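One-letter residues, chain by chain:
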Amino acid sequence: MAEATANSLGQHALHPHDAAIVAKAETHQEHPIKLYLVVWAWLFILSTCSYLVDYFGLHGYLRWSLILIFMMLKAGLIVAVFMHMAWERLAMMYAIILPPILVLVFVAMMVLEADYTLLTRIAFFGPGP
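Just so you know, these numbers come straight off a predicted model, no measurement behind them. (Residues numbered from 1 in each chain as written. Predicted model: local features only at pLDDT ≥ 70, side-chain atom pairs only at ≥ 80, totals over all residues. Heavy atoms only, no water.)

Q: Explanation requested: the overall build of the protein in the structure shown.
A: Helices and strands together make up the secondary structure of the protein, namely 5 helices and 0 strands. Along the protein, helices and strands appear, N-terminal first, in the series α-α-α-α-α. Scored against the burial criterion, the 129 residues of the protein give a buried share of 8%. Counting only contacts in the protein whose residues sit at least 6 apart along the sequence, the fraction spanning at least 24 positions is 54%. With an accessible surface of roughly 11100 Å², the protein has 74% of that area assigned to carbon and sulfur atoms. (Helix = DSSP H or I, 4+ residues; strand = E, 2+ residues; numbered from the N terminus. Buried < 20%, exposed > 50% of the residue type's maximum accessible area, 1.4 Å probe, protein only. Contact = heavy atoms within 4.5 Å. Areas by Shrake-Rupley, 256 points an atom, 1.4 Å probe, with all protein chains shown as cover.)

Structure representation (structure tokens):
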């Protein structure tokens, strides 16, 4: 009776084939623990390298370049594995990863433009007080 009532409302009962598709869609994927341990080990190695930059007393652009490289590698591993970005669709990756990359490009453009702006101000307004 319930099936007849549901069908009279325009709803259809699930066939065994449809139920299998729904059950398959509702299952979630579990990743092996080895993957998480390997990523954890890489994070530990990269953090150690980051601390060694300070320990060896590197200065200048080399220091900041190494620290930023290690930071970006660690952030990439965390986003890819622990936030499951590696298993997302390409469009989702572009929507999340592309804006920060563009912000970095615009910051680099502003850094390059800052020298030009400073030199222009000095040329037209003088060196200042």
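And the narrative resumes.
Q: Teacher, can you tell me more about the packing of helix H3 (residues 33–55) against helix H4 (residues 60–82) here?
A: A pair of packed helices can be characterised by two numbers: the angle between their axes and the separation between those axes. Two elements in contact, H3 and H4, have axes separated by 9 Å at closest approach and are oriented at 165°. Judged by the inter-axis angle, H3 sits roughly antiparallel to H4. Taken as a pair, H3 and H4 cross one another with a handedness that is left-handed. Two secondary-structure elements touch here, H3 through Leu35, Tyr36, Val39, Trp42, Leu43, Leu46, Ser47, Cys49, Ser50, Val53 and Asp54 and H4 through Arg63, Leu66, Ile67, Phe70, Leu73, Lys74, Leu77, Ile78, Val81 and Phe82. Counted by class, the contact of H3 with H4 contains 16 nonpolar, 2 polar and 3 charged residues. (Axes fitted to C-alpha atoms, helices over the stretch in contact; angles between N-to-C directions. Parallel < 35°, antiparallel > 145°, perpendicular 65-115°, else oblique. Left-handed = near helix turned anticlockwise from the far one by under 90°. Nonpolar A, V, L, I, M, F, W, Y, C, P; charged D, E, K, R; others polar.)

Q: Teacher, can you tell me more about the pattern of salt bridges here?
A: Within the structure shown, the criterion is met by 1 salt bridge. Residue Arg63 pairs with Asp54 through a salt bridge whose shortest N-O separation is 2.8 Å. Under the relative-accessibility criterion, Arg63 is labelled partly exposed at 24%. (Salt bridge = Lys/Arg side-chain N within 4 Å of Asp/Glu carboxyl O.)

Q: I would appreciate a short explanation of H4 in the present structure.
A: Because an α-helix packs 3.6 residues into every turn, residues spaced three or four apart end up facing the same way. The first and last C-alpha atoms of H4 sit 33 Å apart over 23 residues, in line with the 33 Å expected at 1.5 Å per residue. When we look at burial in H4, the residues that qualify are Ile67, Phe70 and Val81. Those residues of H4 that are buried lie in contact with H3. Of the residues flanking the end of H4, it is His84, one or two places downstream, whose phi is positive at about 60°. (Expected span 1.5 Å × (residues − 1).)

Q: Explain the packing of aromatic side chains here, please?
A: The relation between two aromatic rings is expressed through the spacing of the ring centres and the mutual angle of the planes. Evaluated as defined, the whole model comprises 3 aromatic pairs. Judged by centre distance (5.9 Å) and plane angle (20°), the rings of Trp40 and Phe44 are stacked. One end of the pair, Trp40, and the other, Phe44, are both in helix H3, 4 residues apart, so they sit about a helical turn from each other. The burial state of Trp40 is the same as that of Phe44; both residues are exposed. The ring of Trp64 has Arg63 lying over it, and the distance from NZ or CZ to the ring centre is 4.9 Å. (Phe/Tyr/Trp six-rings, centres within 6.5 Å; stacked < 30°, edge-to-face > 60°. Lys NZ or Arg CZ within 6 Å of the ring centre and 35° of its normal.)

Q: Would you explain a nonpolar patch on the surface in this entry?
A: The grouping of Leu90, Met92, Tyr94, Ile96, Ile97, Leu98, Ile101, Leu102, Val105, Phe106 and Met109 at the surface amounts to a nonpolar patch, some 1000 Å² of accessible area in total. Within the element layout of this structure, Val105 appears in helix H5 (residues 90–125). Residue Val105 is classed as partly exposed on the basis of its relative accessible area, which comes to 40%. (Patch = residues over 30% accessible without salt bridge, like charges linked within 9 Å, V, L, I, M, F, W, Y side chains within 5 Å.)

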